[in-house]
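Descriptive analysis of the structure
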Amino acid sequence: MDRNQGRKRIVVLGSTGSIGLQTLDVARRHPEAIEVVALAANTNVDEVVKQAHEFKVRHIAFGDERLAGDARLAHAHGGVSVGFGQEGLLDLVRLEEADTVVNALVGAAGMRASYETLACGKQLALANKESLVVAGDLIMPLAAKVDASMAARRAAGVCVAGDVPAATSTVDAPGLSGALMPIDSEHGAIYQCLLGERHAEVTALWVTASGGPFRGKTRAELENMTAAQALAHPTWKMGPKITIDSSTLMNKGLEVIEAHHLFAMPYEKIKVVVQPQSAIHSMVEFSDGSVKAHLGTTDMRIPIQFALSYPDRWNAPVEPLDFTKLGSLEFYPADTETFRCLDLARHAGTVGGTLPCVMNAANEVAVAHFLKDACGYLDIDGCVEYVMDAHEAEGVQKVESLDQLAELDTWARNKAAQHLAARR
């Protein structure tokens, strides 16, 4: 197929998770615009094989290397190649026939895939928060190079399926040229509010939060909360890790750091407001006092589809928001005294360097322990603070490479696990 014509060819990393499944639903609804060329998951062989049959993909991969030789893979679509481990995932990113990589991998494992996607000059549709939280200092310069490459191709009159037409790429706002498209309701909302605007005239980015299932509770009331209670999100259906992060407000902290990198915005201009109805996905405030808000149905297929269709808009994958039934819109300040992870993340981002990496690793370990009932709910922010303090005491470093970040990630995970074990 000529790369200057036809459908956008996508690789879906994390195809069996919440974002991956909804991405495939968008592809299912728009077969004239999207071709799925590769799929990857960590361990779910049966689901990936089923997806491979449906979309007739030729390449699949699994993060778990122990699956090599699994008999179930003999039933994959005829002629399919199967990869394993990190290299197996990266081989999908490097496929010549791929235009866009949807990175929906969970946790720090997605960083190298994001880096490699942009290093290969491909478009990155990013749902992996850790890529920017941990490695934003490495990822964003690569995205800028891909944007520049897109501009050069446009000037030469030669574009590929992941490229964005020049008319949509003249806005004075970083990150709006299409090389890196956020798959996130909040950042997708900010992205759209910034279209056509001047970066210098933005006075604040307002990141909205639902408040999670524990909004209004005190720390004393949170002491004995269970994983089942924390997983009962009032408005969004998400994977377990991100749902716990939403309950602690760590998710908002990660999004603040992401917004800093995506939109080149100083932390003092990135604000968080609780909007319990989750109807307003984020807002942008301008120097003349105007505020643009992005509203819509609480369904992740909307930001997923926009990331894949930009600069076009395709038919909605869900019923539109009915304003006559919405009722009221409420706004509250974030309770950072009760939900301490938001301020911990903001501190990590402000200090910068390797501190966000350490913070993220400690949080992943603490959340994993909590989901297994191996620690209490309030142990999550306590563990994150303990590991961050230890790293600051030893000296925060400038981010220089993925290998450096991997070493610190391992250090922080071990430190976090030891801390939680000592509290049992």
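This section reports on the structure supplied with the text. Given the structure is predicted, the values throughout are model-derived calculations rather than measurements.

**What about the overall build of the protein?**
A tally of helices and strands in the protein yields 16 helices and 12 strands. Computed over the C-alpha atoms, the radius of gyration of the protein is 21 Å, within 12% of the 22 Å expected from 2.2 N^0.38 for a compact globule of 424 residues. Across its three principal directions, the C-alpha atoms of the protein cover 60 × 60 × 45 Å. For the protein, the proportion of its 424 residues judged to be buried stands at 54%. Within the protein, contacts between residues at least 6 apart in sequence are counted, and of these 68% link residues at least 24 apart. Counting 39 positive and 53 negative side-chain charges, the protein places the centres of these two groups 3 Å from one another.

**Some words on the sheet that holds strand S11 (residues 291-295)**
Whenever strands of a sheet pair, they do so through backbone hydrogen bonds, lying parallel or antiparallel. Strand order in the open sheet formed by 5 strands is S11-S10-S8-S9-S12, and the pairing between neighbours is mixed. Of all strands in the sheet, those with a lone pairing partner are S11 and strand S12 (332-333), marking the two edges. Of the pairings in the sheet, the one linking strand S8 (residues 202-209) to strand S9 (residues 270-274) comprises 5 bridges and is parallel in character. Residue pairing across strands places Trp206 opposite Lys271, the latter belonging to S9. Packing against the sheet, helix H6 (residues 185-194) makes contact with S8, strand S10 (280-286) and S11, and its axis sits at approximately 40° to S10.

**Here we look at the packing of aromatic side chains**
Within the structure shown, the criterion is met by 6 aromatic pairs. Note on Tyr191 and Phe306: the rings are 6.4 Å apart at their centroids and 75° apart in plane angle, and the pair reads as edge-to-face. Here Tyr191, found in helix H6, pairs with Phe306, found in helix H11 (residues 301-309); they are 115 residues apart in sequence, far enough to count as distant. These aromatic residues form a ring-pair network of at least three members: Tyr191, Phe306 and Tyr310.

**Regarding the packing of helix H9 (residues 240-248) against helix H10 (residues 250-263)**
Remark: H9 packs on H10, axes separated minimally by 5 Å, with the N-to-C direction vectors making an angle of 95°. The angle between H9 and H10 places the two elements in the roughly perpendicular class. Facing Lys241, Ile242, Asp245, Ser246 and Thr248 of H9, the residues of H10 in contact are Met250, Asn251 and Leu254. Here the residues of the contact of H9 with H10 are counted per class, giving 3 nonpolar, 3 polar and 2 charged.

**So, the sheet that holds strand S2 (residues 34-41)**
Here 7 strands make up an open sheet; going across it, the order is S4-S3-S2-S1-S5-S6-S7 and the pairing parallel. Each having just a single partner strand, strand S4 (81-84) and strand S7 (180-182) make up the two edges of the open sheet. Direction aside, neighbouring strands of the sheet carry axes that sit 20° apart on average. For S2 and strand S3 (residues 59-62), the ladder comprises 4 bridges, and the chain directions are parallel.

**Remarks on the pairing of S11**
Across 5 bridges, the pairing between S10 and S11 is antiparallel. When the bridges of S11 are listed, Ser282 appears paired with His294. Between the antiparallel neighbours S10 and S11 lie 4 residues, among them Gly289 with a positive phi of about 90°.

**Observations concerning the nonpolar core**
One finds Val36, Ile60, Leu180, Leu205, Met359 and Tyr377 to be the most contacted residues of the largest nonpolar core, which totals 109 residues. A total of 11 residues in this core trace back to one element, the largest contributor, which is helix H5 (residues 129-156). Within the second largest apolar cluster, 15 residues are counted, among which are Ala40, Ala61, Leu90 and Val93.

**Focus: the pattern of salt bridges**
Any two side chains of opposite charge can pair if their charged atoms end up close together. The full count for this structure, using the stated rule, is 31 salt bridges. Note that Arg58 and Glu97 form a salt bridge whose closest N and O atoms lie 3.3 Å from each other. Of this pair, Arg58 sits in the loop between helix H2 (45-55) and S3 while Glu97 sits in the loop between helix H3 (85-93) and strand S5 (100-103); the two residues are 39 residues apart in sequence, bridging distant segments of the chain. Among the salt bridges present, the one from Lys252 reaches Glu255, with a minimum N-O distance of 2.6 Å. Residue Lys252 and its partner Glu255 are both found in helix H10; the two are separated by 3 residues, about one turn of the helix. By relative accessible area, which is 1% here, Glu255 ends up buried. Here the residues in one salt-bridge network are Asp25, Arg28, Arg29, Glu54, Asp299 and Arg301, joined through shared partners.

Procedures and definitions
Residues numbered from 1 in each chain as written. Predicted model: local features only at pLDDT ≥ 70, side-chain atom pairs only at ≥ 80, totals over all residues. Heavy atoms only, no water. Helix = DSSP H or I, 4+ residues; strand = E, 2+ residues; numbered from the N terminus. Rg over C-alpha atoms; globule rule 2.2 N^0.38 Å. Buried < 20%, exposed > 50% of the residue type's maximum accessible area, 1.4 Å probe, protein only. Contact = heavy atoms within 4.5 Å. Lys, Arg positive; Asp, Glu negative; His and termini not counted. Charge placed at Lys NZ, Arg CZ, Asp CG, Glu CD. Pairing = 2+ DSSP bridges. Axes fitted to C-alpha atoms, helices over the stretch in contact; angles between N-to-C directions. Phe/Tyr/Trp six-rings, centres within 6.5 Å; stacked < 30°, edge-to-face > 60°. Parallel < 35°, antiparallel > 145°, perpendicular 65-115°, else oblique. Nonpolar A, V, L, I, M, F, W, Y, C, P; charged D, E, K, R; others polar. Core = buried A, V, L, I, M, F, W, Y, C linked by side-chain atoms within 4.5 Å. Salt bridge = Lys/Arg side-chain N within 4 Å of Asp/Glu carboxyl O.

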